[in-house]
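Each chain is listed here by its residues.
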Amino acid sequence: MASAEIPVVLTIAGFDPSSGAGMTADLKTMAAFGCFGVAAITAVTIQNTQGISRVEVLPVELLRDTLHALAEDAEISAIKVGMLGSAAAATRVARFLESQEGKPIVLDPILKSTSGAELLDREGVSVLRDELLPLATVITPNMAEAEALVGTAVRDLAGMRAAARELQRFGAFNVVVTGGHLPENIDVLALEGGEILEFPGAKVESNCTHGTGCAFSTAIACGLALKKDLQKAVEEAKEFVRRAIETGYPTGKGTGPLNHLFRLG
Ligand code: PXL
């Protein structure tokens, strides 16, 4: 730990220059939870609140060397994996996570942006499913991601529960399928032990929802770094996201970012 109280949390993610999603949003979320955020970058996107126009995956050696430099130096308390971009990055991250055994790992299986841009190539999706999924403490797909990973429709609560179970059969330990788009705004957590919990939340009317999944998964990683149990970490992450959406400030012409730092006033 950086000090007795401040755990270091690592995000492995892409860069979104508009700071609604990706590594900069993750770092803000970590600061909001009283964690010290460090980051290994996988890809640069060109985007603003109106959408993505370009994705450039960075050389995988850069990722490898960043992860090595961070891990040999500081004690990392939890790891969040976000946008990977390529199969090569996904494979590299799998090797890194194997070296970090025993640490809480939150995998947000990012496949596409809301506007439809591909954020992981097809071969990368196979690596994510076959190699990364079994290395994570918890995975946090939204309904579209759960549907893509499982290969069957996920449209309602029953579909979310079935997909979570299926992802566990694929090798995931704990699975949260997020249902922020459902009228009930309900998340489903399938626990390793077999129990399935539901987390209903108030529906917030706001256009500031870009990066919701990034904030949610990072908030869970922070909760786990702070030694909370998974159920509590999910509950607190959901409440954090709700408040960050509610207090969001529309910075551009499109979908606004969350206000990750709402606690600063
Ligand atoms: O919200 C998914 C996401 C994650 N990471 C980066 C992104 C996006 C979507 O735009 O750009 C870097």
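Now for a quick tour of the structure. This is a predicted model, so every value here is computed, not measured.

**With respect to the overall build of the protein chain**
For the protein chain, the helix and strand inventory stands at eight helices and nine strands. Its C-alpha atoms give the protein chain a radius of gyration of 17 Å, near enough to 18 Å, the size a compact globule of 265 residues would have. Counting only C-alpha atoms and orienting by the principal axes, one finds that the protein chain spans roughly 45 × 40 × 40 Å. Each of the 265 residues in the protein chain was classed as buried or not, and the buried ones make up 50%. The contacts in the protein chain between residues at least 6 apart in sequence include a share of 66% that link residues at least 24 apart. If you sum the accessible surface of the protein chain, you get close to 11700 Å²; carbon and sulfur atoms cover 52% of it.

**Side note on the pattern of salt bridges**
Summed over the entire model, instances satisfying the criterion amount to 12 salt bridges. Of the charged contacts, one joins E198 and R161 as a salt bridge, the two residues approaching to 2.6 Å between their closest N and O atoms. In this pair, E198 sits in strand 9 (residues 196-200) while R161 sits in helix 6 (residues 157-169), placing the two residues 37 residues apart along the sequence. By relative accessible area, R161 is classed as partly exposed at 32%. A network of salt bridges, in which partner residues are shared, links R95, E98 and E131.

**Quick word on the pairing of strand 1 (residues 8-15)**
Strand residues, when the strand is regular, have side chains that alternate between the two faces of the sheet. Burial runs high along strand 1: seven of the eight residues are buried. In terms of strand pairing, strand 1 meets strand 2 (residues 36-48) through seven bridges, oriented parallel. Paired with A13 across the strands is I41, a residue of strand 2. Chirality of the crossover, the property in question, places the unit of strand 1, helix 1 (residues 22-32) and strand 2 among those that are right-handed. Taken together, the five bridges between strand 1 and strand 4 (residues 76-81) define a ladder with parallel strand orientation. When the sheet's bridge partners are listed, V8 is paired in strand 4 with I76.

**Remarks on the sheet that holds strand 7 (residues 174-177)**
Pairing in this open sheet of nine strands is mixed, and the strands run 3-2-1-4-5-6-7-8-9 from one edge to the other. For this open sheet the edge positions go to strand 3 (51-57) and strand 9, each flanked by a neighbour on one side alone. Pairing analysis gives two bridges linking strand 6 (residues 138-139) to strand 7, with the strands arranged parallel. Its bridge partner lying in strand 7, V138 is registered against N174.

**Description of unusual backbone geometry**
Positive phi, normally seen in glycine, also occurs at N185, with a value near 45°. Along the chain, N185 falls in the loop between strand 7 and strand 8 (186-190). Owing to a relative accessible area of 13%, N185 belongs among the buried residues under this scheme.

**Brief notes about the layout of surface pockets**
If you add up the space inside the second largest pocket, you get close to 160 Å³. What lines the second largest pocket is a set of 13 residues, and nearest its centre among them are K103, L135, A136, T137 and F173. Residue classes in the lining of the second largest pocket are distributed as six nonpolar, four polar and three charged.

**Structural notes on the site of the ligand**
Taken together, 14 residues are adjacent to the ligand, and G14, Q47, I110, H210 and C214 come closest. Within the side chain of Q47, one N or O atom sits 2.4 Å away from an oxygen atom of the ligand. Here the ligand has 310 Å² of accessible area as a free molecule, and 91% of this is covered by the chains. Elements that contribute at least two residues to the shell around the ligand include exactly strand 1 and strand 2. Partitioned by chemical class, the residues of the shell around the ligand number seven nonpolar, six polar and one charged.

**Some words on the nonpolar core**
It is characteristic of soluble globular proteins that their nonpolar side chains tend to be buried jointly. Formed by 46 residues in total, the largest nonpolar core has its most connected members in L10, I12, I79, V81 and L132. Examining the composition of this core, we find that seven residues originate from one element, helix 3 (residues 87-99), more than from any other. Those residues in contact with I79, other than ones at most four positions away along the chain, are L10, I12, F96, L97, Q100, P104, I105, V106 and A221. Grouped together as the second largest cluster of nonpolar side chains are 31 residues, L197, F216, A237 and F262 included.

**Digging into the packing of helix 7 (residues 212-225) against helix 8 (residues 230-246)**
When two helices pack together, their arrangement is captured by the angle between the axes and the distance separating the axes. Where helix 7 meets helix 8, the axes come as close as 8 Å, and the angle between the chain directions of the two elements is 140°. Judged on the interaxial angle alone, helix 8 and helix 7 are oblique. The two elements helix 7 and helix 8 meet at a crossing, and its hand is right-handed. Here helix 7 contributes T212, A215, F216, A219, I220, G223 and L224 to the contact with helix 8, which in turn contributes L230, A233, V234, A237, K238, F240, V241 and I245. The residue makeup of the contact of helix 7 with helix 8, split by class, is 12 nonpolar, two polar and one charged.

Rules and cut-offs
- Residues numbered from 1 in each chain as written.
- Predicted model: local features only at pLDDT ≥ 70, side-chain atom pairs only at ≥ 80, totals over all residues.
- Heavy atoms only, no water.
- Helix = DSSP H or I, 4+ residues; strand = E, 2+ residues; numbered from the N terminus.
- Rg over C-alpha atoms; globule rule 2.2 N^0.38 Å.
- Buried < 20%, exposed > 50% of the residue type's maximum accessible area, 1.4 Å probe, protein only.
- Contact = heavy atoms within 4.5 Å.
- Areas by Shrake-Rupley, 256 points an atom, 1.4 Å probe, with all protein chains shown as cover.
- Salt bridge = Lys/Arg side-chain N within 4 Å of Asp/Glu carboxyl O.
- Pairing = 2+ DSSP bridges.
- Right-handed = clockwise from strand over helix to strand, strands pointing away.
- 1 Å grid on protein atoms, 1.4 Å probe; cavity = no way out; pocket = protein on both sides within 12 Å on 5 of 7 lines; lining within 4 Å.
- Points joined across faces, edges and corners; volume = space filled by probe spheres on them.
- Nonpolar A, V, L, I, M, F, W, Y, C, P; charged D, E, K, R; others polar.
- Near = heavy atom within 4 Å.
- Polar contact = N/O pair within 3.5 Å; in protein donor to acceptor, adjacent residues only side chain to side chain.
- Core = buried A, V, L, I, M, F, W, Y, C linked by side-chain atoms within 4.5 Å.
- Axes fitted to C-alpha atoms, helices over the stretch in contact; angles between N-to-C directions.
- Parallel < 35°, antiparallel > 145°, perpendicular 65-115°, else oblique.
- Left-handed = near helix turned anticlockwise from the far one by under 90°.

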